[in-house]
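Architecture and fold: a report
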Amino acid sequence: MAQEEINKAVSGEYALGFEIDIETDVVPPGLNEDTIKFISKKKEEPEWMLELRLKALKKWEQMTEPTWGHVTYEPVDYQSISYYAAPKTDGPESLDEVDPKILAAYEKLGIPLEEQKQLAGVKVAVDAVVDSVSVKTTYQEELQKYGVIFCSISEAIRDYPELIKKYMFSVVPMTDNFFAALNSAVFTDGTFVYIPKGVRCPMELSTYFRINALNTGQFERTLIVADEGSYVSYNEGCSAPMRDENQLHAAVVELVAMKDAEIKYSTIQNWYPGDEEGKGGIYNFVTKRGLCEGENAKISWTQVETGSSITWKYPSCILKGDNSVGEFYSVAVTTLAQQADTGTKMIHLGKNTSSTIISKGISAMKGQNTYRGLVKIGANATGARNYSECDSLLIGDQCGAHTFPYLESKDTQGQVEHEATTSKISDEQLFYLRQRGIDEESAVSMIVHGFCKDVFNQLPMEYAVEAKALLELTLEGSVG
Amino acid sequence: MSKVLEIKDIHAKIGEKEILKGLNLDLEPGKVHAIMGPNGAGKSTLSKTIVGHYDVEVTEGEILYKGKSILDMEPEERALEGIFLSFQHPVEIPGVNNAYFLRTALNAKRKHEGKEELNAAEFLREMKKYLEMLGMKADMISRSLNEGFSGGEKKRNEILQMLILEPDVIILDEIDSGLDIDALRAVSEGINLMKDGKRSFLVITHYSRILDYIKPDYIHVLKDGRIIKTAGPELVAQLEEHGYESIVEEA
């Protein structure tokens, strides 16, 4: 079968690359103490937060950028990025005060910010972040009735300092890595969630991140704390305009699940991927980690990664509580000239802890897809179990798939199983479907969906639909 | 129209090797044509050529389906027009639900014919009536397409697709290979159900066994890329007894 036909089918189309035409406050490029002070002041932060940020900056200045990832890109000039950009309407309290252009843009992205516009029965609370600020958080009042705190991280620093002091940096320390340190110094907005003891969060929570301003980076920070016996399902989505220059997104996400609590964290990552020659696109350098603090705690990461020119992220679980459970379900697509180095770390510390890793990498055109995963079983983690499955699907012959599984086990009793496969969409599979009257594009998409099924099944219903549609758009150009 | 498919002086290559060397064959509506022949004669290449498989390059000749040339048509167009191939080795497609696949295929065909698409419930009703007949367990339609199916299950699944898609020309490439007697009977019953006096069958086989169940109208002997003899069903007995060599000598 002709290679051009396949390429045409997988070169995708980035449908969310528009720019919201709003006036923006942007701080001049550069990173020094004054930048940090400016951000902290804009956020009306207490002194202690500013001190933590400055400490992080000092640490970061002494660190070097990691180069071990299986990715190559032009080095980032950290002094040429602007670290704060905000639409020119500050801290709106009601929907009427949000710039109608932003509302329209979110509407266009499929994220309604008007509560009454949501369909009955499928309530999803949204925190909408544009560049460096949260512009709107919905359903806050209704959630408060259950004692659930759902607000921007900036608000949380002002209103819930005790929770922030206790949990921020507790899972991802300030100096964890180069990008985490950078984020700790300059983070702007993101979401804070607290679910009280015994509460099952009555609706899906979500954050939608939009990079809009030129020449800026987005550095959000998200913290979710699920107290004993509570449950929350949280989803994040993102997109950015199509631009020729690269933009940096360096986020940190921390999750804490206490005894018997469960956090389900789903991501649909659709940052602008750049073009076929690798020009433009988002550098997505993200640190995500969850701590199963108490017994029987469970943290589940599900990610569908279709965007970004470079991805570097490893959503991980520290299984500290006995019988705690960590899960990682991932679909990562690299097409055009995208490169992804992604995977997870499962750190087993408690007894009878178990983890599951299901990773599906899809590469097309010049895409390079790397799975990198660590399963670590500590000395006291008797009865620990891990199951890992890493499958790669290649479409065409210019792309690549790479797998780097690492295992460190101090407990010889642990059970670790690893399976890995690499397959190509074979001409025989395509032909079989076409012989049944299914056109080539639909056939490719059917095979790819089949490949990703185990992961899509983990997504909440409405997001699974979105993820399938997104995959179709990414891989099939003309569909949609 | 007395011919539904006309294969005229077809020369076809796989890679550099010419396999079909001036093959002529006409299929009549409502008739069962059996193709027999020794290994390497070009039987599977013939079926691949008719359905437009990528491996095959036609260098000379013509194939007309209902009077129209199909050589420039994409494989899916040929399928939508009513040409069906039951594969010798049906491929496994992990994660693709069998029922979903079948409904997609059926609806593609219905759309092509300007008919309403069937919803899931209507489709399941349609399919259910065939499952029992083919001796297929109900869970086979909710499993991934051919994944982990036994040889017999794969062939039954091919026949299920044939029954659902109701094609006009049905090519059965070694449908009988690897089947036990029960499976052979079930598969034959499915095939016989499709015999309505209008559809044509091209049954490619090594063995005469299946021909006891599906009564052929014509036997064609394929050797070295050409049909070297065409006769009635009585030829089967001669082939059984004397082998292909006897035919070669006669020709």
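Report follows, based on the coordinates.

It is worth spelling out the overall build of chain A at this point. On a plain count of helices and strands, chain A comes out with 11 helices and 23 strands. For chain A, the residues scored as buried account for 56% of the 480 residues in total. Pairs at least 24 residues apart make up 83% of the contacts formed inside chain A by residues separated by at least 6 positions.

This paragraph deals with the nonpolar core. The tendency in soluble globular proteins is for nonpolar side chains to be buried side by side. Ranked by size, the top nonpolar core spans 203 residues in total, and within it A:Ala226, A:Leu255, A:Ala257, A:Ile263 and B:Val203 carry the most contacts. Top contributing element to this core by residue count: helix H10 (residues 440-456) of chain A, with nine residues. Excluding anything up to four places from it in sequence, A:Ala257 contacts A:Ala226, A:Glu262, A:Ile263, A:Gly290, A:Cys292, A:Glu293, A:Ala297, A:Lys298 and A:Ile299.

The next point concerns the sheet that holds strand E21 (residues 385-395) of chain A. Residues and elements named next belong to chain A. Spatially, the 10 strands line up as an open sheet ordered E4-E3-E7-E9-E12-E14-E17-E19-E21-E23, and their pairing is mixed. With partners counted over all chains shown, the strands left at the sheet margins are strand E4 (133-137) and strand E23 (415-424), one partner each. If you compare each strand with its neighbour and ignore which way they point, the axes differ by 10° on average. Here six bridges tie strand E7 (residues 204-210) to strand E9 (residues 231-239), and the two strands are oriented parallel to one another. Residue pairing in the sheet places Leu 205 in a bridge with Tyr 234 of E9. Docked against the sheet, H10 engages strand E14 (298-305), strand E17 (325-334), strand E19 (354-364) and E21, running at close to 160° with respect to E19.

Okay, the pairing of E7(A) next. Residue and element names in this part refer to chain A. The buried fraction of E7 is high, at seven of seven residues. The two faces of E7 match: Glu 204, Ser 206, Tyr 208 and Arg 210 on one face and Leu 205, Thr 207 and Phe 209 on the other face are all buried. Here strand E3 (residues 124-130) pairs with E7 via seven bridges, running parallel. The residue of E7 that forms the bridge with Val 130 is Arg 210.

Residue and element names in this part refer to chain A. Counting buried residues along E9, eight of its nine residues qualify, which places the element largely inside the surrounding structure. Here E9 pairs with strand E12 (residues 262-269) via eight bridges, running parallel. Residue pairing in the sheet places Tyr 231 in a bridge with Glu 262 of E12.

In this section: unusual backbone geometry. A positive phi angle, close to 70°, is found at A:Ser308, a residue other than glycine. Here A:Ser308 lies in the loop between E14 and strand E15 (310-313). With a phi close to 50°, B:Lys66 is a non-glycine residue in the positive phi region. On the secondary structure map, B:Lys66 appears in the loop between strand E4 (56-65) and strand E5 (68-69). According to the C-beta neighbour criterion, B:Lys66 is partly exposed, with 15 such atoms within 10 Å.

A separate point is the interface of chain A and chain B. Tallying the contact residues gives 17 residues for chain A and 22 residues for chain B. When residues of the side of chain A that touches chain B are traced back to their parent elements, those giving at least two are helix H9 (427-435) and H10 of chain A. It is H9(A) that provides the largest number of residues to the side of chain A that touches chain B, a total of seven residues. Across the side of chain A that touches chain B, the residue classes break down as seven nonpolar, four polar and six charged.

The subject of this paragraph is helix H4 (residues 100-108) of chain A. Residue and element names in this part refer to chain A. Here H4 has its buried residues at Ile 102, Ala 105 and Tyr 106. For H4, the angular spread of buried residues about the axis comes to 95°, placing them on one side. The exposed residues of H4 that point more than 90 degrees off its buried face are Pro 100, Ala 104 and Lys 108. On its buried face, H4 is in contact with strand E2 (85-87), E3, E4 and E7. Positive phi appears at Gly 110, one or two residues downstream of H4, with a value of about 85°.

Bringing helix H4 (residues 120-133) of chain B into the picture now. Residues and elements named next belong to chain B. The end-to-end C-alpha distance of H4, which contains 14 residues, comes to 21 Å, matching closely the 20 Å that a straight helix rising 1.5 Å per residue would cover. Little of H4 sits out of view: just one of its 14 residues are buried. Just beyond H4, the residue with positive phi is Gly 135, at close to 65°.

So, how was this worked out
- Residues numbered from 1 in each chain as written.
- Chains lettered and ligands numbered in written order.
- Predicted model: local features only at pLDDT ≥ 70, side-chain atom pairs only at ≥ 80, totals over all residues.
- Helix = DSSP H or I, 4+ residues; strand = E, 2+ residues; numbered from the N terminus.
- Buried ≥ 20, exposed ≤ 12 C-beta atoms within 10 Å, placed from the backbone.
- Contact = placed C-beta atoms within 7 Å.
- Core = buried A, V, L, I, M, F, W, Y, C linked by C-beta atoms within 7 Å.
- Pairing = 2+ DSSP bridges.
- Axes fitted to C-alpha atoms, helices over the stretch in contact; angles between N-to-C directions.
- Nonpolar A, V, L, I, M, F, W, Y, C, P; charged D, E, K, R; others polar.
- Arc of directions from axis to C-beta.
- Expected span 1.5 Å × (residues − 1).

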